Protein chains: 2
Amino acid sequence: MTEKKVDSDEVITHPMSEDDGISFEMIELLFFAYRDFVADPDTMLATLSYGRAHHRVLHFVNRRPGITVAALLDILKITKQSLARVLKQLIEDDYIAQQPGETDRRQRRLFPTVKGRELALEISKCQARRIEEALQTLPPETKKASKAFLYAMIEPQGRPTVRSLNHGLEALTVFEPDDSSRRK
Amino acid sequence: MTEKKVDSDEVITHPMSEDDGISFEMIELLFFAYRDFVADPDTMLATLSYGRAHHRVLHFVNRRPGITVAALLDILKITKQSLARVLKQLIEDDYIAQQPGETDRRQRRLFPTVKGRELALEISKCQARRIEEALQTLPPETKKASKAFLYAMIEPQGRPTVRSLNHGLEALTVFEPDDSSRRK
DNA sequence: CAAATTAAGTCAACATTACTGACATATATT
DNA sequence: AATATATGTCAGTAATGTTGACTTAATTTG
């Protein structure tokens, strides 16, 4: 019966700290850095009544024009229903257009419109500016080291996707999984 | 009247790439790394029917036992209402306890219970493990460089808070703003 | 001391983003 | 012809966030 104590007795007053052998600093840096990192896009998109979800869809469609819905779902790790809502709006508002797949006409491939590309670039520029400004104040090797760290923080099975976005390995689930004759 | 073109004409087929002078790689690394970073806590807390919001409240209360509601709102940058909902549950479930402030009895200072501390530590350990595993594979200077980068990514006005969490500058809006006679 | 301010809680209403599960349609594949 | 796949859609629900107005209690200020 010692389970239920008086409130003032069971309370802990000393802070959790690095003494516990845990890198709280890094944990919190990730939290705060990411929070501020997405704040800019959030603000910009709010003027269009769009949210973070719209941004992500717009971004990856611009990074992989012709991406299929399935591949997009795989990147975003959200459900079809969640995607459908924001995608519908983006298409209605002419930021994204659909075209049936040439080889597989069940697919509805997603492409940015000119308007969509402009918006995506505007937002990315804003985020890139924050990154560049942060790096400016630091030694040049910081960028490489940070990239390596963030990359290692990603689940192994997600890493190929990330790489493919930057090195044009388009046949890697993301783009044209049918045209995989070139690799593998 | 050249604004409204046929769909197939106005579509953009080439990917946005680093050629546009923007570091998309870093942007996406932050996105994917953060997504996987919060996935572990999300999973653990889901078993308690808690979400990310609960985690954040629990975390900072453990990092700053005795924190006031106002200071917590300032860290989390959410509204009183959003906080109230999750805080109420955490108190009901005996993860967090309230005590009136000694000098200012309007305040309801928040403390972790033993149960709350245990949960917070468990989650932090999990996140720290991911960080340490990532760093293990990389040169030793990576940690310092990454910390510096993430720190520089935070809005300047938020940086003192981050530092205070790690260096016990408790009198910095976060903890005991009344008892500021000791420093300053 | 009375008035104003502050810390916190509460209520109502609402928006966004996410989820699940079931079902429909068209197209490919076997 | 039967099955599988890609996508869309519907209904219902949950978590998290917002705003604005109001209350209570305690502190500060004129």
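Residues numbered from 1 in each chain as written. Chains lettered and ligands numbered in written order. Predicted model: local features only at pLDDT ≥ 70, side-chain atom pairs only at ≥ 80, totals over all residues. Heavy atoms only, no water.

Asker: Can you walk me through the overall build of chain A in this structure?
Answerer: Assigned secondary structure in chain A consists of eight helices and two strands. Seen in sequence order, chain A has helices and strands lined up from the N terminus as α-α-α-α-α-β-β-α-α-α. The buried share of chain A, reckoned over its 184 residues, is 49%. Here chain A displays about 9,600 Å² of accessible surface, and carbon together with sulfur accounts for 51% of that area. (Helix = DSSP H or I, 4+ residues; strand = E, 2+ residues; numbered from the N terminus. Buried < 20%, exposed > 50% of the residue type's maximum accessible area, 1.4 Å probe, protein only. Areas by Shrake-Rupley, 256 points an atom, 1.4 Å probe, with all protein chains shown as cover.)

Asker: Looking at this structure, how should I read the relation of the copies chain B and chain A?
Answerer: Two copies of the chain are present, and they differ by a rotation about an axis and a shift along that axis. For these two chains of identical sequence, chain B goes onto chain A by a turn of 180° and a shift of 0.0 Å along the axis, with RMSD 0.0 Å. Within this description, the copies of the chain are treated as partners about a two-fold rotation axis. Residues of chain B ranked by C-alpha distance from the rotation axis are headed by S146(B), positioned 2.4 Å from it. (Least-squares fit on C-alpha atoms with pLDDT ≥ 70 in both.)

Asker: I tried to follow the protein's contact with DNA strand C on my own but got confused; where do I start?
Answerer: Surveying the vicinity of DNA strand C reveals 24 residues, the closest of which are G51(A), R56(A), T79(A), R85(A) and R106(B). Measuring from a base nitrogen of DNA strand C, one finds a side-chain N or O atom of R85(A) at 2.6 Å. At 2.5 Å from a base oxygen of DNA strand C is found a side-chain nitrogen or oxygen belonging to R106(B). The set of elements that each furnish at least two residues to the surface near DNA strand C consists of helix 3 (52-63) and helix 5 (80-92) of chain A together with helix 4 (69-76) and helix 5 (80-92) of chain B. It is helix 3 of chain A that contributes the most residues to the surface near DNA strand C, four residues altogether. Taken together, the residues of the surface near DNA strand C break down into four nonpolar, ten polar and ten charged. (Near = heavy atom within 4 Å. Polar contact = N/O pair within 3.5 Å; in protein donor to acceptor, adjacent residues only side chain to side chain. Nonpolar A, V, L, I, M, F, W, Y, C, P; charged D, E, K, R; others polar.)

Asker: Hey, could you run me through the pattern of salt bridges in this one?
Answerer: Pairing between side chains of opposite charge can happen when their charged atoms approach one another. All told, the structure shown has 16 salt bridges over all chains when counted by the stated rule. Between R52(A) and D42(A) there is a salt bridge whose closest N-O contact spans 2.7 Å. Remark: D42(A) occurs in helix 2 (residues 24-46) and R52(A) occurs in helix 3; sequence separation between them is ten residues. A relative accessible area of 25% places D42(A) in the partly exposed class. Among the charged side chains, a network of salt bridges with common partners joins D40(A), R130(A) and E155(B). (Salt bridge = Lys/Arg side-chain N within 4 Å of Asp/Glu carboxyl O.)

Interpretation in functional terms is not warranted from these geometric data alone.
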